[in-house]
Each structure stands twice: as structure tokens, then as C-alpha cells.
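Structure at a glance
Letter by letter, the chains look like this.
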Amino acid sequence: MELTGYFGILRRWWWTLLVATWVAAISGFLLADRIPRLYEAETRLLVGPINTDLDTQRAAGQLAQTYAQLVRSDTLIDSVRQELRLTQSTSELKAAITTIPNDVTRFVDIRVQDGDPDVAAGIANQLAVELQNLASGS
């Protein structure tokens, strides 16, 4: 089919294409508007000293794995719940928390998802504070 054949089809069916485009746009907007908003806050912690020997860096890398598991522990989450006076249960908070340890860079990323961006940021920051307190023995 040549290009002029396409123009003929477009000239004949332009109104159908226009209506279909509008229906798709409006239905897409209405569906997207009903999805609840979800915000994610992230905080990153460095485990161990910045400049040190290789053995200490390796040990800190292994320690990052442990700290990542501790962030999702019931004890730490309960402490955050009490400190921030949250209404969510421990299991609900645990489902909203993701930790990503990296034994090479020695970073532990803490990510929290919530419907309120301020609550998500507060939980992530409080988890970092509680983990630091636990690590320092406070």
C-alpha cells in the first residue's frame, strides 16, 4: 500500500481515531487516579571507618550484612514504632522496609515505603538512629 492509501484511510476514519485516543486517555487517567500513592524514603549508612586496612574493610563488609538483618528485626522495629508513635503493626512495618547491604562498598541502604512521604522519611531516619545506637552500645 502506498502512502496516499494511508491518507485516504486517515481522512475517512479521523473522528474514530480521535475518539478512541480520548477514551484511552480519560480511562487511563481515571485508573491511575484510583491507585493509592506510595512514597519511598532511603537512607544510606557506611559501616566501618572510611580509610583503613584491607582486613578491617572486609570485616566491615561482613558486618554490613548483619546490620541489614538487624534493621528488619522485631526489636528494632518495635523501638521505632514506640519512638515515632506509629499505629502500624510490626509486621506491616517490616513489609514496608527493605535493606540492601553491600559488602564491597560497606554501605547499608534502608528503604521505607509509606503513603505519607514524611512518615516514610521519619521511619527510615529513625531506623538509622536506632541501628547506630545499637552498634555503639547505647
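Only a predicted model underlies this, so the values are computations on that prediction, with no experimental measurement involved. (Residues numbered from 1 in each chain as written. Predicted model: local features only at pLDDT ≥ 70, side-chain atom pairs only at ≥ 80, totals over all residues. Heavy atoms only, no water.)

1. Here's the deal with the packing of helix H2 (residues 54-71) against helix H5 (residues 117-136)
Note the threshold: Lines are fitted to the C-alpha atoms to define the axes, a helix being fitted only along its stretch in contact, and any angle between axes, read from their N-to-C directions, falls within 0 to 180 degrees. Put simply, DSSP H or I for four residues or longer makes a helix, DSSP E for two residues or longer makes a strand, and each gets a number counted from the N terminus. Geometric relationships in this document are graded by angle, where less than 35 degrees denotes roughly parallel, more than 145 denotes roughly antiparallel, 65 to 115 denotes roughly perpendicular, and other angles denote oblique. Note: crossing handedness is left-handed where the near helix turns anticlockwise from the far helix by less than a right angle, and right-handed where it turns clockwise. Contacts are residue-level and defined by heavy atoms, with any inter-residue pair within 4.5 Å sufficient. Three classes are used, and their members are as follows: Ala, Val, Leu, Ile, Met, Phe, Trp, Tyr, Cys and Pro are nonpolar, Asp, Glu, Lys and Arg are charged, and the others, Gly among them, are polar.
Remark: H2 packs on H5, axes separated minimally by 10 Å, with the N-to-C direction vectors making an angle of 125°. Regarding the angle of H2 to H5, the classification is oblique. Considering the relative orientation of H2 and H5, their crossing is right-handed. Note on element contacts: H5 touches H2 through Leu127, Leu131, Leu134 and Ala135, opposite Tyr67, Leu70 and Val71. When grouped by side-chain class, the residues that make up the contact of H2 with H5 number seven nonpolar, no polar and no charged.

2. Re helix H3 (residues 74-84)
An α-helix turns once per 3.6 residues; consequently, residues spaced three or four apart project the same way. Note the threshold: The buried label applies to any residue whose accessible area, calculated with a 1.4 Å probe on protein chains only, is under 20% of its type's maximum; exposed applies above 50%, and partly exposed to all values in between. Taking the helix axis as origin, the arc is that swept by the directions to the C-beta atoms.
For H3, the set of buried residues is Leu76, Ile77 and Val80. Buried residues in H3, looked at end-on, bunch into an arc of 95°, giving them a common side. Exposed and facing more than 90 degrees away from the buried side of H3 are Thr75 and Gln82. Contact partners of the buried residues in H3: H2, helix H4 (90-96), strand S2 (97-101) and H5. Once H3 finishes, Arg85 follows within two positions and takes phi at roughly 55°, a positive value.

3. Observations concerning the pattern of salt bridges
Counted only if it meets this: Should a side-chain nitrogen of Lys or Arg be within 4 Å of a carboxyl oxygen of Asp or Glu, the pair is scored as a salt bridge.
For the structure shown, the criterion picks out five salt bridges. One salt bridge in this structure joins Asp74 and Lys94, with 2.7 Å as the shortest N-O distance. With a gap of 20 residues between them, Asp74 in helix H3 and Lys94 in helix H4 connect regions that are remote in the sequence. Here Asp78 and Arg81 are joined by a salt bridge, their closest N and O atoms 3.4 Å apart. With Asp78 and Arg81 both in helix H3, this residue pair falls three residues apart, about one helical turn.

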